[in-house]
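These are the residues of each chain, in order.
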Amino acid sequence: MSKLGVRRRRVPYKSDKGVNHAAPNSDINVTPLVDVCLVLLIIFMVVTPMLGRGRDVRLPELTTATEHKEGDQVFVSVDDEGAWIEQDRYVEKSNFLATLEESLKVATGKAAASGYKGPVLFIKGDVDTDYGSVRTVMEWINTLDIPPQEIALVVDLAET
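Throughout what follows, the structure given in this document is the object of discussion. (Residues numbered from 1 in each chain as written. Predicted model: local features only at pLDDT ≥ 70, side-chain atom pairs only at ≥ 80, totals over all residues. Heavy atoms only, no water.)

**Topic: the pattern of salt bridges**
To keep it simple, the criterion reads: By definition, a salt bridge exists where a carboxyl oxygen of Asp or Glu is found within 4 Å of a side-chain nitrogen of Lys or Arg. The helix and strand labels rest on DSSP assignments: H or I over at least four residues marks a helix, E over at least two residues marks a strand, and numbering proceeds from the N terminus.
Counted by the stated rule, this structure contains one salt bridge. Here E139 ties to R135 by a salt bridge, and the two come within 3.5 Å at their closest N and O atoms. Taken together, the positions of E139 and R135, both in helix α3 (residues 131-142) and four residues apart, correspond to about one turn of that helix.

**A few points about the side chain of D126**
The condition is simple: Buried residues are those whose accessible area, probed at 1.4 Å on protein chains only, stays under 20% of the maximum for their type, while exposed residues exceed 50% and partly exposed ones sit between those limits. Here a polar contact means two N or O atoms within 3.5 Å. Within protein one must be a hydrogen donor candidate and the other an acceptor candidate, and residues neighboring in sequence count only if both atoms are side-chain atoms. Contacts between residues were defined by any pair of non-hydrogen atoms, one from each residue, lying within 4.5 Å.
Residue placement: D126 occurs in the loop between β7 (120-125) and α3. Of the residues examined, D126 reaches a relative accessible area of 17% and is grouped as buried. In terms of polar contacts, D126 uses its side chain to reach the backbone amide nitrogen of D128, at 2.9 Å. Not counting chain neighbours up to four residues away, the residues in contact with D126 comprise V57, R58, V78 and D79.

**Looking at the packing of aromatic side chains**
The following threshold applies: Under the pairing criterion, centres of Phe, Tyr and Trp rings, with the six-membered ring standing for Trp, must be within 6.5 Å; the plane angle then separates stacked pairs below 30 degrees from edge-to-face pairs above 60, leaving the rest tilted.
By the definition in use, this model includes three aromatic pairs. Judged by centre distance (5.2 Å) and plane angle (15°), the ring pair of F75 and F122 falls under stacked. Separated by 47 residues along the polypeptide, F75 in strand β4 (residues 73-79) and F122 in strand β7 bring together distant segments of the chain. The burial state of F75 is the same as that of F122; both residues are buried. Seen from their ring centres, F96 and W140 are 5.5 Å apart, and the 55° between their planes marks the pair as tilted. Of this pair, F96 sits in helix α2 (residues 93-114) while W140 sits in helix α3; the two residues are 44 residues apart in sequence, bridging distant segments of the chain. The two residues F96 and W140 agree in class, both being buried. Among the aromatic side chains, those forming a connected cluster through ring pairs are Y90, F96 and W140.

Okay, structure coming up:
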């Protein structure tokens, strides 16, 4: 108790002469950065498998062929409903070719950056679809101003 019976609180960082400041801390706190990076890594690991390459179709089985190298590719799927680039359906030639040209330009840039000679256009034709539909889409592709350097038909491996 003080002289007048009033109790005074003492604040630890204050003194009778003024406020004592600690020296500024110039260290970078890395913990939040690591936390954010780990969360982003987990998000990308979960989302990446969901980014499918084209529409799922039943493929014909392979009899004999050589395997194709991996690189930046564009996938076109063909079934009874039409031609698909990634998950978008096209039934008109002009819209299909415009989207395909854009996809091939992006894939060409990625392939050049990776050291490949060019992208591969993979055509996935459903086994139950009339071959005429697949042929029509291939003819559309051949009418491009700059056709792809390589076109490959996707097939399933025969189970032996």
